Amino acid sequence: MGVSVDDTGVRQLGGLASELAKQTAEKAQLQQDSVLADAQQLNIDSLYRLPPLRTRPPEVGEAE
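Residues numbered from 1 in each chain as written. Predicted model: local features only at pLDDT ≥ 70, side-chain atom pairs only at ≥ 80, totals over all residues. Heavy atoms only, no water.

Please set out the overall build of the protein chain residue by residue, giving values where relevant.
Each helix and strand in the protein chain was counted, giving two helices and zero strands. In terms of overall size, the protein chain is more extended than a compact globule, its C-alpha atoms giving a radius of gyration of 22 Å where 64 residues would be expected to give roughly 11 Å. Across the 64 residues of the protein chain, 0% fall into the buried class. Roughly 6,400 Å² of accessible area belongs to the protein chain as shown, and the carbon and sulfur atoms make up 59% of that amount. Each charge class in the protein chain was averaged separately, 6 positive and 10 negative side chains, and the resulting centres sit 2 Å apart. (Helix = DSSP H or I, 4+ residues; strand = E, 2+ residues; numbered from the N terminus. Rg over C-alpha atoms; globule rule 2.2 N^0.38 Å. Buried < 20%, exposed > 50% of the residue type's maximum accessible area, 1.4 Å probe, protein only. Areas by Shrake-Rupley, 256 points an atom, 1.4 Å probe, with all protein chains shown as cover. Lys, Arg positive; Asp, Glu negative; His and termini not counted. Charge placed at Lys NZ, Arg CZ, Asp CG, Glu CD.)

Set out below in structure tokens:
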């Protein structure tokens, strides 16, 4: 038994995916703007006094 592909359904799905991508990008931009605004309020000297962030993946069995 084959799957029937309906052109209208494909176009609707494409439109839905496009709209979802647009809304997701808008929300990501708002979040990015919010994080940037918060970061700009931080004191650079206090940031340099913080411990460095881990820049490697955890080892196997390493506690998170």
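Here the narrative resumes, following the displayed structure.
So, the pattern of salt bridges: which residues are in play, and what are the values?
Tallied over the entire structure, the rule returns one salt bridge. As a salt-bridge pair, Glu 59 and Arg 56 come within 3.9 Å of each other at their nearest N and O atoms. (Salt bridge = Lys/Arg side-chain N within 4 Å of Asp/Glu carboxyl O.)

So what's going on with the environment of Asp 45? Residues and values would help.
When you line up the elements, Asp 45 lands in helix α2 (residues 44–49). A C-alpha to C-alpha distance of 54 Å links Asp 45 and Arg 11, two positions 34 residues apart in sequence.

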